[in-house]
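Each chain, written out:
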Amino acid sequence: ILYNCMLVNNDSDIPTNITHHLSPITTTMSQSMDFTRTGIPKIGAVVRGKSPVTCISYHSDGVHLYVTSEGDGRMRLVDCKRGVSDAPALKFETEGVKLVESTHHNQCVLYTGRGGSTSHSVNYLSLYDNKILRHFKGHMAEVTDVSMNPVDDCFLTASEDRTVRLWNVQQSGALATMNLPKSTSATGNMTLDPFGLPHVTYDTTGLVFGVTAPMANSGGHLIHLYDARKYDGGAFAELKLETSAIQKALEVKGISPNIANVLSKAGWKSIQFNASGKNLLITAEKGLALMLDGFDGSVSNVFVAEGPNANTSPTLAISACFTPDERAVLGGNEDGTISCWDAKTGVLLRKLDGHVGPVGCVAANPKFAQIASSCTNTALWLW
């Protein structure tokens, strides 16, 4: 099973000038992203699109934001200081585009083709001259996660072929591969879901990465943490989160047992660490997000998105993120709003209203007091 697995070596934009609004986030993060103050954050710029945005990724410089739309196969580069997308959107005619991940160079990104395409490669693209520098081939099904190491040239991918692969942008072949088995554990008392998909992410130091996989019969999920320098020795931490623990946490928040039971079995869609690495944020289907203790995997908090109206529960997977100061969790809602929760208490601090459709992507700027959110259009929110 997972804990015995190890990586084995082998168009038209509407710009608004916002330069004077962007303020650097201080070391202490004091009041940099305060959601309790009236009237802020507010929208400083909007970049228009023609199709729902699939993925957004900030560069570590806080100035560049990459935006992809699977529906029309376009990628935009947004200047977050000026609030504009100067160059025309890149159009990917053949394989399309779905996921995008920033790299260490602000003019180079990793991206994947649209879902259902025949090619399952990850591509290393230079935005400066619109050239693919390298193809990373090996996955046999759609790539679901791409996570760049924040300190070196390695990156991780997860796929519907139930493998996790480690790569380096300087060479085409995978450095290592993890295959999720379908058999029982050595003790015979635990199995993985034979159709369950893994998810993967690096922490902010680049020294640790996490891999999740669902257990059979909706029993829960395994979360294993690896030392990025000694991954071939196996996981140094093997966490297990049972469905019953998720349901209990939901019921504590006042959610009815029937709804809590359904939400607790929602499929996971992503995993991410907060800045300190002390907590994990899981996003899932049906608008569910979980904040977990990074040491024992227990549920610290639960967050549930809003549906398209007051009488309808969410059906889509939530997009959520930590703020860099770790004080808040942001989540997109199907009614076009963004929920801002206190990460420690789970209390809803406020809702940001400004989108015309479901908010499918939310991200916090790593360097400036700014957040980005997308429906069809991408909004930059400022303090």
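Residues numbered from 1 in each chain as written. Predicted model: local features only at pLDDT ≥ 70, side-chain atom pairs only at ≥ 80, totals over all residues. Heavy atoms only, no water.

A. Broad picture of the sheet that holds strand E25 (residues 337–342). Pairing in this open sheet of 4 strands is antiparallel, and the strands run E23-E24-E25-E26 from one edge to the other. Looking at which strands have only one partner, the edges of the open sheet turn out to be strand E23 (320–322) and strand E26 (348–353). Strand-to-strand, the axes of this sheet are offset by a mean angle of 20°, without reference to chain direction. Sheet topology note: the E23/strand E24 (residues 328–332) ladder contains 3 bridges and is antiparallel. (Pairing = 2+ DSSP bridges. Helix = DSSP H or I, 4+ residues; strand = E, 2+ residues; numbered from the N terminus. Axes fitted to C-alpha atoms, helices over the stretch in contact; angles between N-to-C directions.)

B. Seen up close, the environment of Thr345. Here Thr345 is to be found in the loop between E25 and E26. Thr345 gets classed as partly exposed once you look at its relative accessible area, which sits at 42%. In the structure, Thr345 is positioned 45 residues away from Ser300 in sequence and 9.0 Å away in space, judged by C-alpha atoms. Setting aside anything within four residues of it in sequence, one finds Thr345 in contact with Lys253 and Asn301. (Buried < 20%, exposed > 50% of the residue type's maximum accessible area, 1.4 Å probe, protein only. Contact = heavy atoms within 4.5 Å.)

C. Highlighting the nonpolar core. Core analysis: the largest hydrophobic core is formed by 24 residues, its most contacted members being Met75, Leu110, Leu125, Phe136 and Phe155. Here this core takes 4 residues from strand E8 (residues 108–112), the largest share from any one element. If near-sequence neighbours (up to four positions away) are discounted, Leu125 is found in contact with Met75, Leu90, Phe92, Gln107, Cys108, Val109, Tyr111, Asn130, Lys131 and Ile132. Grouped together as the second largest cluster of nonpolar side chains are 23 residues, Leu225, Phe273, Ile282 and Val302 included. (Core = buried A, V, L, I, M, F, W, Y, C linked by side-chain atoms within 4.5 Å.)

D. Region of the structure containing the packing of aromatic side chains. Taken as a whole, this structure holds 8 aromatic pairs when the rule is applied. The interplanar angle of 80° and the centroid separation of 5.3 Å between the aromatic rings of Phe35 and Trp383 together place this pair among those described as edge-to-face. Of this pair, Phe35 sits in the loop between strand E1 (8–9) and strand E2 (42–47) while Trp383 sits in the segment after strand E29 (378–382); the two residues are 348 residues apart in sequence, bridging distant segments of the chain. With respect to class, Phe35 is no different from Trp383; both count as buried. Both rings, one in Phe209 and one in Tyr226, keep their centres 5.1 Å apart while their planes meet at 10°; by these two values the pair is stacked. Taken together, the residues Phe209 in strand E16 (residues 208–214) and Tyr226 in strand E17 (residues 220–227) connect sequence positions 17 residues apart. Like Phe209, the residue Tyr226 is buried in the burial classification. In this structure an aromatic cluster arises from ring pairing among Phe136, Phe155 and Trp167. (Phe/Tyr/Trp six-rings, centres within 6.5 Å; stacked < 30°, edge-to-face > 60°.)

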